[in-house]
Amino acid sequence: MSLQAANLAAAIVDLDGTMVDTVGDFEAAIGLAWADLGLHPVGRDFIVRTVGKGSEHLIAQCLAAVGAPAALQQPAWERYQHHYLAINGRHSAVYPGVVEGLQALRAAGLRLVCLTNKPGAFARPLLASKGLDGHFELVFGGDAFAHKKPHPLPLLKACEALGTPPSRTLMVGDSSNDAAAARAAGCPVVLVSYGYNHGEPVASAQPDAIVARLDAIAPLLAG
Ligand SMILES: O=C(O)COP(=O)(O)O
Ligand SMILES: [Mg+2]
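Note that the structure is a prediction, hence the values are computed from the model and not measured. (Residues numbered from 1 in each chain as written. Chains lettered and ligands numbered in written order. Predicted model: local features only at pLDDT ≥ 70, side-chain atom pairs only at ≥ 80, totals over all residues. Heavy atoms only, no water.)

**Some thoughts on the nonpolar core**
For clarity, the threshold we go by: Take the buried residues of types Ala, Val, Leu, Ile, Met, Phe, Trp, Tyr and Cys, join any two whose side-chain atoms come within 4.5 Å, and each joined set is a nonpolar core. For every residue, the accessible area obtained with a 1.4 Å probe (protein chains only) is divided by the maximum for its type, and the residue is called buried under 20%, exposed over 50%, and partly exposed between those limits. Counting from the N terminus, the helices are DSSP H or I runs at least four residues long and the strands are E runs at least two residues long. The criterion used for residue contact is that any of the two residues' heavy atoms lie within 4.5 Å.
The biggest cluster of nonpolar side chains holds 55 residues, and the ones touching the most others in it are Met19, Ile30, Trp34, Tyr80, Leu102, Phe136 and Ile217. For this core, the element with the most residues is helix α1 (residues 23–37), which contributes seven residues. Non-local contacts of Ile217, meaning those with residues more than four positions away in its chain, are made with Leu105, Leu170, Val172, Val190 and Val211. In this structure, Ala158, Ala179, Ala182 and Leu191 belong to the second largest nonpolar core, which totals 20 residues.

**Brief notes about the coordination of the magnesium ion (ligand 2)**
The textbook angles at a metal center are 109.5 degrees for a tetrahedron of four donors and 90 or 180 degrees for an octahedron of six. What counts is decided by this rule: Shown as donors are all N, O and S atoms within 2.8 Å of a metal ion, widened to 3.2 Å for Na, K and Ca; because water is not in the atom set, sites may appear incomplete.
With distances of 2.1 to 2.2 Å, the protein atoms coordinating the magnesium ion (ligand 2) are Asp14 (OD), Asp16 (O) and Asp174 (OD). In terms of primary sequence, the donors binding the magnesium ion (ligand 2) are separated according to D-x1-D-x157-D. Taken together, the residues Asp16 in the loop between β1 (10–13) and β2 (20–21) and Asp174 in the loop between β6 (169–173) and α8 (176–185) connect sequence positions 158 residues apart. Here Asp16 matches Asp174 in class, with each residue buried.

**Focus: the UniProt feature "binding site: Mg(2+)" (unreviewed entry) in the protein**
The criterion, for reference: UniProt positions are given in the numbering used here, feature names are shortened, and annotations may be inferred rather than shown by experiment. We call two N or O atoms a polar contact when they sit within 3.5 Å, provided that within protein one can donate a hydrogen and the other can accept it, with sequence-adjacent residues counted only if both atoms are side-chain atoms.
Listed under "binding site: Mg(2+)" (unreviewed entry) in the UniProt record, and renumbered for this structure, are Asp14, Asp16 and Asp174. A maximum C-alpha distance of 8.1 Å among these annotated residues, which run over 161 residues, shows that they cluster at one spot. Judged by its relative accessible area of 10%, Asp16 falls in the buried class. Ignoring sequence-local partners within four residues, the contact set of Asp16 consists of Thr22, Phe26, Thr116, Lys118, Asp174 and Tyr196. One polar contact links Asp16 to Thr22, side chain to side chain, over a distance of 2.5 Å. Discounting chain neighbours no more than four positions away, the residues touching Asp174 are Asp14, Asp16, Gly17, Thr18, Leu191, Val192, Gly195, Tyr196, Asn197 and Val202.

Below, the structure is given as structure tokens:
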């Protein structure tokens, strides 16, 4: 079914790689945590390829990449959270077209929810400091439910909270995690071309549409 024919009532919008370019924050917080623990630094490219499945996954992968012993898992997670909360948003930027895109979706009558794999305690202050929080009725972090994307549960829960059927609730994301979760939940999905998709082209996730900016979505709905 085309996006136009879906008669959308709401959109669920991803955060990292879709609305905000946060790689600089991940890189800074991991760098500071790793320095505290005397670990070898992790390269930015590795972080870009690994972001998307939540912070716990990112930290575990970065520890494995530098051959850190298992005993450092918990201290690394604690140091990382400490530093991330302190620098949150400082090395991040809202992508061009995001504010206009969110405004246009709302003007088209869609209700908006933010759903991210990022912990809620990181996501809420980031949205607020970037002035994006006012667009969303609800914000769900990666720790809000028993599973994260690519599991469909968070999308189904978001639809339930909105009271909108998945078929009329658009997922807007940047990665195969968003696309797989949307497919399994029964939501249509649009991916942006500029985010973090584990080094793969977003076309391989077979979304309903690919856009270069968030403000290119509303025109697709109008036909
Ligand atoms: O924190 C992550 O790993 C990704 O977060 P996202 O779901 O907002 O892309
Ligand atoms: Mg993302």
